[in-house]
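# Structural characterization, general
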Amino acid sequence: MRENLLFGGILEDPRKKEDRDNIEIETVLKKFLKEKLKINEEINFHIVHRLRPRKDAKPRTIVAKFESQKDRNTVLRAAPAKLKETFSVFEQYPYEMVERRNVLWPIFKREQRLGNHACLKEDKLYVNGHRIYPEDVIEAQKMHPMYPSQQGSQFLSQGSTLAHETNQEQVLVVPTTYDELSKILNNDGIDEIDRCLYDYHNLWLYNVPLPRSSEDKGRINVYGNKILQLCKNNCLYIASGRIGNDKNMGKVTSKETSLVDYLIVSGDLFPYITEFEVIDFDSLFSDIHCRLQFNLSAMLPDDLLDKNNSSNVPSKHIRWIGDKRDQFVDSVESKLTIDNLSNQ
């Protein structure tokens, strides 16, 4: 596959989908190279064909195997500078390499956003000169389920307590206890602490356990994994099994076997949750689900409290007058204040 490139976004003629010899597809691709990539040299291919139809109804991707490695590299180098978002040109990798790249890709993109020097070549990722292995990332996630795969590799700097030397290369290490986390947060040598690590520290302060308890011992399905990934990507936390009467329990919420109802919050909200409980099933409220009950407390400014509690504020009775209907509609369309919406 090293001689192959994938071309996306190139429109196809529905009348020529029966092009079994791929002659028309090769002609379309050569035209694309000349018009879009401005490559006037003659490019020869061993074979050109389209992949199976896409689920999103976009044009099928074209796979091209080049006769010359030099021609392939010429096309690959020309693509980023000349192509718009409509089209794409990228390398084709074996399935095993694609899996490794999928593990490393989120870290690669995050390091770029952080301004670090990140280079992803095939299935090898280097951040500031240090290589990060997919196996280390996967192992870190196993050690600490809350560890977000998109974050953390920025700590792979010389002297960081999140990295250790192995064969003169840095590998990723994730804190597994609050003591380790405390040392990291108090390390003056780290210039930028990830927001999620701050959240971990806040959980420590609020006495919220990092591991989440659950009575549901079943296998996590696709939707469960999507929820977990959503939380990891956005630094959100499942409060169930961590706080209130459900702390260290994680009671099941459906059919007495599954935990499928959650309270999901950001780390900053934990100190404001004064109560959380999974209420026993009651058929009056649901067919199979238990209710989640929680209280939120908040400090309001004194002037707002005085305004809300004041007994001197005169009550205003609003009644509907049918003859002023058009005036009311005009007020809504004009986006006036709520005081102008009365039609009396």
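Just above, that's the structure.
Residues numbered from 1 in each chain as written. Predicted model: local features only at pLDDT ≥ 70, side-chain atom pairs only at ≥ 80, totals over all residues. Heavy atoms only, no water.

### As for the pattern of salt bridges
By the definition in use, this model includes eight salt bridges. With a closest N to O distance of 2.8 Å, Arg 100 and Asp 123 form a salt bridge. Separated by 23 residues along the polypeptide, Arg 100 in helix α3 (residues 95-113) and Asp 123 in the loop between β5 (118-121) and β6 (124-127) bring together distant segments of the chain. Overall, Asp 123 belongs to the buried group, its relative accessible area being 12%. When the shortest N-O distance is used, the salt bridge between Arg 100 and Glu 135 registers 2.5 Å. Here the residue Arg 100 occupies a position in helix α3, and Glu 135 occupies one in helix α4 (residues 134-143), the gap between them amounting to 35 residues. (Salt bridge = Lys/Arg side-chain N within 4 Å of Asp/Glu carboxyl O. Helix = DSSP H or I, 4+ residues; strand = E, 2+ residues; numbered from the N terminus. Buried < 20%, exposed > 50% of the residue type's maximum accessible area, 1.4 Å probe, protein only.)

### Some points on the nonpolar core
The nonpolar side chains of soluble globular proteins are, as a tendency, buried together. Among the nonpolar cores identified, the biggest contains 20 residues, and Phe 7, Leu 29, Phe 32 and Val 75 are the most heavily contacted of them. Broken down by secondary-structure element, the contributors of at least two residues to this core are β1 (4-8), α1 (23-35), β2 (45-50), β3 (62-66) and α2 (69-82). Of all the elements, α1 adds the most residues to this core, at four residues. When residues no more than four places from it in sequence are discounted, the contact partners of Val 75 are Leu 5, Phe 7, Leu 33, Leu 37, Ile 39, Phe 66 and Val 89. One finds Leu 203, Ile 243, Val 278 and Cys 290 within the second-largest nonpolar core, a separate group that totals 13 residues. (Core = buried A, V, L, I, M, F, W, Y, C linked by side-chain atoms within 4.5 Å. Contact = heavy atoms within 4.5 Å.)

### Description of the layout of surface pockets
Once rolled over the atoms, a probe with the size of a water molecule shows which space is left empty. In this structure, the second largest pocket encloses a volume near 340 Å³. As for the second largest pocket, its lining consists of 16 residues, and the residues nearest its centre are Phe 90, Glu 91, Tyr 93, Arg 101 and Trp 105. When residues of the lining of the second largest pocket are traced back to their parent elements, those giving at least two are β4 (88-91), α3 and β5. Considering each element in turn, the lining of the second largest pocket owes the most residues, six residues, to α3. Here the lining of the second largest pocket is built from residues that sort into nine nonpolar, two polar and five charged. (1 Å grid on protein atoms, 1.4 Å probe; cavity = no way out; pocket = protein on both sides within 12 Å on 5 of 7 lines; lining within 4 Å. Points joined across faces, edges and corners; volume = space filled by probe spheres on them. Nonpolar A, V, L, I, M, F, W, Y, C, P; charged D, E, K, R; others polar.)

### Section: empty space enclosed by the protein
What the rule picks out here adds up to two cavities of 30 Å³ or more. Taken together, Lys 30, Leu 33, Lys 34, Ile 39, Glu 41, Glu 42 and Ile 43 make up the lining of the second largest cavity. Tallied by class, the residues present in the lining of the second largest cavity amount to three nonpolar, no polar and four charged.

### Comments concerning the environment of Asn 44
Its location among the elements puts Asn 44 in the loop between α1 and β2. Note on Asn 44: relative accessible area 33%, which makes it partly exposed. Expressed as a C-alpha distance, the spacing of Asn 44 and Arg 72, which sit 28 residues apart in the sequence, is 9.7 Å. When residues no more than four places from it in sequence are discounted, the contact partners of Asn 44 are Lys 30, Phe 66, Glu 67 and Asp 71.

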